[in-house]
Structures are given as C-alpha cells and as structure tokens.
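Tertiary structure, described
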Amino acid sequence: MNSRLLLYTWHDVDVVLKSAMDSRRLPANWVGFDVSPVALVIQIGDTPASGTEDSAWAALTELFSARASRERNAILLEANPGQERLLDVHFEYIPGITRTPRPARPLFQGPPLSEDDVLEHQLPSVPVVAFYSYKGGVGRTLSMLGMARTLVLRDLEAGFTPRPLLIVDADYEAPGLTWLAQQDGRFQEFSMQDALALVHGAADWKAEALPLIAERVKSETLRLPVGGRVTEHFFLPAFRSQAQLLTPPVRPDQLLRGPGRRWIMADLLSALGQILGASAVLVDCRAGISELSAPVLLDPRVKRVIVTSTSLQSVEGTTLILRELRRKIPATIPDVDSSLMITMVPTDPRFRLGESVRETLIRVWLDAGSNDDSDQSELMSEPLPVLELPFSNELVHLSDLVDIDNKLTRAGHEPSLRMLAEKILPIRVPSQVAVPVSQDESWATLNTLADFCHRQEYAESSQTGAFLRTVPLKSLARKFSSEPPRAVVMGAKGAGKTFTYLQLVREGDWRTFVRSMGVDSTGICTHPVMPLVRPRHLDLDTVEMITNSWSKVHELLGTSSTLTPDGVAERLQGHVTGGLTDEIGWRDFWLQMMAQTAGIADGIPDPLLALQDKLEKANRYLTFTVDGLEDWLPGAQTEKVQQAAILGLCLSVLEKLIGLPNRRVGLVVFIRKDLPQAVLKQNFGQFERLHEAYELRWSIDEAQRLVLWAVKQAGVDKTLWRQGLPDDLSAYVGPELEERLLPLWGLKLGTDTGNEAYSTNWVVSALSDFHGRILARDLVRFLHHAAQGSKTTENQRKSDRLLQIAAVKGAIRPCGEKRIDDIKQEIPALAKTLDEIRAAPESLRRMPFTWDTFGLSSEQVQLLMSQGVVYEEEGKLYTPEIYRQGLRLGLATGARPKVITLMRRALNQRG
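A short tour of the structure in this document, coming up. Model, not experiment: these values are computed from the prediction.

1. Focus on the packing of helix H19 (residues 497-507) against helix H21 (residues 540-557)
- Contact pair H19 / H21: the axes reach a minimum separation of 10 Å and the direction vectors enclose 45°. In this view, H19 runs oblique relative to H21, as classed from their interaxial angle. Of the two possible hands of crossing, H19 and H21 adopt the one that is left-handed. Residues Tyr501, Leu502, Val505 and Arg506 of H19 form the contact with H21, whose own contacting residues are Thr542, Met545, Ile546 and Ser549.
- Here the residues of the contact of H19 with H21 are counted per class, giving five nonpolar, two polar and one charged.

2. Considerations on the pattern of salt bridges
- According to the stated counting rule, one finds 33 salt bridges in the structure shown.
- Residues glutamate 78 and arginine 67 are paired through a salt bridge, measuring 2.3 Å at the closest nitrogen-oxygen approach. With a gap of 11 residues between them, glutamate 78 in the loop between strand E4 (74-77) and strand E5 (85-93) and arginine 67 in the loop between helix H2 (52-64) and strand E3 (68-69) connect regions that are remote in the sequence.
- The residue arginine 773 makes a salt bridge to aspartate 769 at a minimum N-O spacing of 2.8 Å.
- Residue classification places arginine 773 among the partly exposed positions, given a relative accessible area of 32%.
- Through salt bridges that share partners, Arg140, Asp171, Glu173, Asp284 and Arg286 make up one connected network.

3. Observations concerning the pairing of strand E8 (residues 221-226)
- Taken across its six residues, E8 has five buried, putting it largely inside the fold.
- Sheet analysis places E8 next to strand E9 (residues 229-236), joined by six bridges and oriented antiparallel. The residue bridging threonine 221 from the neighbouring strand is phenylalanine 234, located in E9.
- Connecting E8 to the antiparallel partner E9 that follows it, the hairpin turn spans two residues, and glycine 227 within it adopts a positive phi of roughly 60°.

4. Concerning the sheet that holds strand E7 (residues 166-170)
- The strand order across the open sheet formed by eight strands is E8-E9-E7-E10-E6-E11-E12-E13, and the pairing between neighbours is mixed. Looking at strand neighbours, the two that pair on one side only are E8 and strand E13 (386-390), the edges of this open sheet. Going across the sheet, the axis of each strand differs from the next one's by a mean of 25°, ignoring polarity.
- Sheet topology places strand E12 (residues 338-345) next to E13; four bridges connect them, and they run parallel. What sits directly across from valine 345, in E13, is proline 390.

Basis of the calculations
- Residues numbered from 1 in each chain as written.
- Predicted model: local features only at pLDDT ≥ 70, side-chain atom pairs only at ≥ 80, totals over all residues.
- Heavy atoms only, no water.
- Axes fitted to C-alpha atoms, helices over the stretch in contact; angles between N-to-C directions.
- Helix = DSSP H or I, 4+ residues; strand = E, 2+ residues; numbered from the N terminus.
- Parallel < 35°, antiparallel > 145°, perpendicular 65-115°, else oblique.
- Left-handed = near helix turned anticlockwise from the far one by under 90°.
- Contact = heavy atoms within 4.5 Å.
- Nonpolar A, V, L, I, M, F, W, Y, C, P; charged D, E, K, R; others polar.
- Salt bridge = Lys/Arg side-chain N within 4 Å of Asp/Glu carboxyl O.
- Buried < 20%, exposed > 50% of the residue type's maximum accessible area, 1.4 Å probe, protein only.
- Pairing = 2+ DSSP bridges.

Structure representation (structure tokens):
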C-alpha cells in the first residue's frame, strides 16, 4: 500500500476502488460497489458462504492496509488525534450477476483505453491536430496560427495552390481565436457549440447533423494573412454569441455517453474536414485538466502538439499531462503523433532553460512509456519531437490577424515550425513519385529488385562496381587523401567488409577510391591497390578479378612475381602449421609476403625497405588490402598461433609502416571485430579508438541510403521516381531520405493517417540488434524477401508503394534465421546457447523469458547481452525483433511485437 494514502472522504475511497477495478485487482466475484457519504456497499455475485467475507476483507486490507478495520466493519477515514471517522462497509449478495467493466472513454476521469477500443475506429482521410497546453498564456493559439501559416507557405513554395484548413476554436471558456475572428462582425451565425448540440440531438449524426454543419461552416471563411497574402480557410468559432458562451448547450464529454459515440469528437472533425475538402483540422483546445479538451487530446488517432513555456508551473503541469497520456492511451497503439513545443525560451545562452526543459520532459515521456512491461504493450513509434521557439517581445501584444502575420514573419519561427510540420503532416511531392501503374510493371520491378538483392546478399559473388558513400568510408578517404593508408576496418559479419574490399580491388587505385568518396586526391599520383589476402570462398569470376589485379599492379610497377594469390594463402597456412607464436616473427612473415607480391625477391634482409626504395625510384605508391582472415585463421578466438598472426599484421606491420620516411606503402585490413577483441583482451579499447572512425557501422540515415543505392543499382529507380536517383546519395538526410523511400515502402505500415508505425523506423528497428547495430547484409536480404513476398499479396495490395505491408513484415523471419546462422559462425561460444533456445519446446519459446526458462547461466546471459541479442529489465529477458523471429520466439496470445519500443528501451538502458 502507498504509505501516503490519504482518505478524507468517501470520494477518496471511491478513487482507490475504481483504480483497482480498472487494473483488475478486485476479486473476481465482486460484481460492483457503491460508495456514498454513509457507507461502502460491495456487491458479490454469489450466495453467502463460509470464507467469502474473509476473502473480501483480505482484498480490502490489500487496498487500504490498516485503514480496513474488520472489527469496526468500516474504512477508517482521516481524523484528528483522539477522534474517529468511519465509512461503514456492507456486503450485498447478488447470485448470477457478473461484473460489468467501467466504459472506457477518452476522458481524464475513467479507466485507460484498450486496443480493442480504438483499432476498429479509424479516422477518415483528414488528419486532426490538437494544440493543447496545461497552462494558459503560453502561446498555444499563436503556435497553432504559426503552424497554419507554415502549412500554407509550404504548399506555395512547392508550387501548389494551398488547400484550405479547418481551424476549430475548442477553448470554450477562453476562446481567444474566436474574439480575433469576430472583430469585423463575422462568424456570429454558427459555432462549435451549435455543432455539438446538433450532433447530441441526432440519432444518426452523420446523416442528420453533419450535412447541415458542413453547409453552415463553408458559408463563411476565415481570411488568414500569410506573408502578406490573404488565404481562405474554414473556421468553427467556439461560440456565436455571448449568451451561448455563458450558457453552453452541450459539453463535449456529454457527447461521448451514447452508444458508439466515445470517439465522436475526432470522428466529427475529421468527417467535416473531409466534406469541406480541408487538408487538415487544427484544433485549439481548452487548457488544463479539463474534460472539455480530453475527448480530442486523449484520442490516440489525433496528432497532439503540447505547448509549454519554461515557467515552473507550466513545466510541472506538462509533466503531469505527459504521464497521463502514457497511462491513458493504449500501449498497443503506436503513439507516434505527440509533439512538444517549448515557447518563450529566453535567448540568453547563459540560462539554457530551453535545453533543461527539453531534457526534463523527454525523460518523463520515456520513463512513463517504459512502465508497462506486459506482452501487450507497444508504445510510440517515434521519439517525442521537441521544438523550441525563442522569446520575442513583438509577440507579447497582438491586435488582429494582420498584426499576427506581420509579427510572426519577423519572429523567425518559420524554420522551426517547418520541421514540426514535416513531422506531423508530411508533404507529398507528386512530381518526384512515380509508383508503377500496372500490376505487370510492378511485378517486373519486384523481380528485378529481388534478383539483384539476392546476388548482393553475399559480397563474394557480387559483381556491382559502385561505392556507396558512407561516413566510415569517407572518414577513411579524408584521413588518407594525400598518403598511403594504414588502417584496420572492423565490422560485424555482414557489415560490408568483403563488399568494400572487393569494390576497392575493382577500383584498382587508392586515388580513385578517394575521389569516389568526394574527397580531393590531388596530393597523390597513381596509387594501385594489391589484394594480399582474399576470402576463401569466392566465385570463379571474383577470383579471376583478383588475379588480374595482381597483373595490373606488376605492369604499373614494371615487376613480376612467381607468387600467386593462392600462394600467399598456402604460405599463411604453412606458417600456422609451423606453430609460430612470436608476434615479431609474424610481422616479418607479412612484410615478406607484401614485398614478394610486389616483385621483391625472397630472402632480402629488410623487405619493407627494399619495397619502399623500389617505389620511390618508380615514383609510385602501393596499398595492400587484406580480407577473409577468419577463413584462414578459424581458431583465432582461442589459438595462440593464429592470434599472433593477427597481432603481427594489425599491430606490428602498421607500426613498422608508420616509421617509414616518405612512406609509399599502405595497408588496409578488413577484419571481423570479434577477432581483435579476442586477441587484444587488455588493450582493445586503445586499438578500437585508433581505428573506430573507419568501423563499418550503419546509422539510420546510411541504412536508408543503402536501400536507395540497392534500388538504383538494380536499375529500377526510374520506375519508382520519374527522374531516378542521383549517383551521390550523401546529400539526402533525415526527412529527405524518408520522402525518397515513400514509393518503395510507404509512409506507414498502414494508412498515412492511421496509428501504425512509420515504415522506415519499423524496418530499421526490426533489423537492428539491441546495440542499435544494423548490418548491410540484413538490409539486402530484407529487400530480397520483401520484394519476393510482395508478388503474392494481390488481395491486400496498396498502390502507393512497391513493397507491400504483409511482405515487409514477413521478410524479417528469413532475415532473422540467417542472422542466427551468421552470429553462430562469428561468435562460436553463442552457437550452443542459440541452438538450445531454438530447439526448446514451442510452449517455452515465448518473449519475454527468464534465465530459468532455457536454463541459462549468468555467463551465457552476459554474452548474449554483450552481443545485443538480449537485454534484461526487471528480471525479464527481451530480444530484438530479428533475433525473436530467427529464434522463433512467440508472444502472448494476441500480443503485438514491441519492435520499436523494445529497441528504444534497450538503447536507453545502455545510456
């Protein structure tokens, strides 16, 4: 029990019992209760029996602790010392009656909503955006007008005729926008109050009330100045006369009481916007904890913009509202459409109030969203967007709409508001999108994309000759734009190491690679690339390409060598068999191999100096590349000989190269990250910091660019985008990337105005581990399976995207199964654990699970956590979606996978 439980009146007892009923903590045979100033009557759906009242008093003690007094048959209320205030307790037996749960409605007072309450009711195509603040005077109405201006300006800049908005003043007690609109005597014939009254009195409001409301609203438009240009919009004032303001006929919460009407407020506004042809509905809500605003604010289908200033009372109230939103809105509905606007932020950088408020409110939002640990919970699909608007003296006093337009223009808020507009109401640019119009063309495009991605899944058989500019590769090019490289490029299995290695070999010249990354390379001359070690399992064409690269290097240098690529591998294996465990001995071996491949005779005392001298005389440079060490050194995790081979190459050879004056020899080693981790147990951190800029990691933006790159390389980009895609995709960032991907997989995994997750965010989260790592190979696999699956979803086909929703979701399982196989090869110590989980009975394979479910030891759990396969929270273990699917872990009956929520919580736990 809460030690601060205070019971002053019967109302406090009622609150405790209703909360317990909503959270299903009341005994199953309690069919109801009635609390009055006189007594608490508990209704039991059974006949009196021995032990019934014992159980009832045990439940009361659980809820009220010592305040539940069976001796007095009462609940003890607060009283002064020496006095006693009691609320009598009685039991009423009603056999055959079952409990009727309290109806859930979008109100502050009442139980939380459930997924079933919401999912069957989708808004029409017109989105509803509610502007709300806990405290008045924080600029909520001004922010809504600013957003209206931004939406109009955005359309104008895109070359469109701005579509009208439906602007609603729903601040029934302090309707500032209505006063502004009525200054010239307009909007005095119909109001939001009239609309509510008409709907309240109609049996079928859509047939009886909606047509009349639409006719009245469109008869008079709001002339809103935007950048000096007058634009017309539909407007619903809060009232039409002062008498109506003082005596409102119907409150919004009263509309919710009829059957089938609990979502009626947003349904009404969206349907009205649809009839009027509005692009969106903007609603100015009543401030505070008010049931006047709750029916719109607490509707999960509504996009919310919560406005606060930096003042203490405004921030504290906003904190309360954020927690209440998290508690009320069903966790299984992705709550992606809440945004926060901090207004009147002091411009003096010494105070940093905006930053402080931002951090406080985001922390509250995330913490509140992490409380529900049930399998049924799926929280928001996007982090809480936060916008800061600086304080402006000009905006303190506003006289009319023209004055507001002039001052908002000068205030400089437009760029910030544009970012928020793109988030909550993303624009579509038809000129850039050309989704296949015929099913035959769509199938042909899907076949081409699926076949290309299948060939790209394993770089060993890839024939593509184009680089994708990623941050690690650009860092590598910039660092060594004027000198030979000396770098170790690490990455997980499937991160793109072999692909990059082969692309570099195909380029054949380091200077060409630097230029392909958009970096100036005028400081170096022709600079051939020599593949010293190659992966073991390559197709014949790729092996021939590597052999030809040796010939080209010899031709440029005017040398020859009896050593072949296969000969280097044979000598490496022979050295391993010889049992050499000395790092310096292995360094000398590697330097000898480098020199011999470049044409230096065997047995030279200092092969590196001999190679350097030869290159200086020829005025040439040479960079060696190595990949596939895990193929030739499969025991490097534990065997000292193989570990010494890696140390000799990745440490000693690179150190030797650094000491060369006027260095003309370079080395780039592509290696699985777990190998140096196993070899350099004590000093890996220092080694990692030295080379971390080149580690192959895929950020969200780069993952999206990789998808676009694959589409372009497959040759289907002009089918999806009229002008195709540029060769350089690095200019696309953030929203631009998401916009380019719309023809591929749509905006959301559902309708654009629905509450499903955003497609891009879901795909990236579903393919990532709990360290936030996504692998290039998994992305390519995903595209292959999603394209294949999209050819079989004829009945559910959406014409706004190439990859269909069911196929996108279904592509994760085969990707997960392959990821399990990959990580077993990469981390052999995990193989047994993963096999045991996958082989367990289906009844046990459920998420979340505990250590005991599969008999895991602490060492096994720690290893799983270190690789991002699980994270632990309150004794329960969770897996990311790709591993959940790969291990075939189920969920509770009817549950949805918490793809994005789990990813955010795991990353948040890691800090």
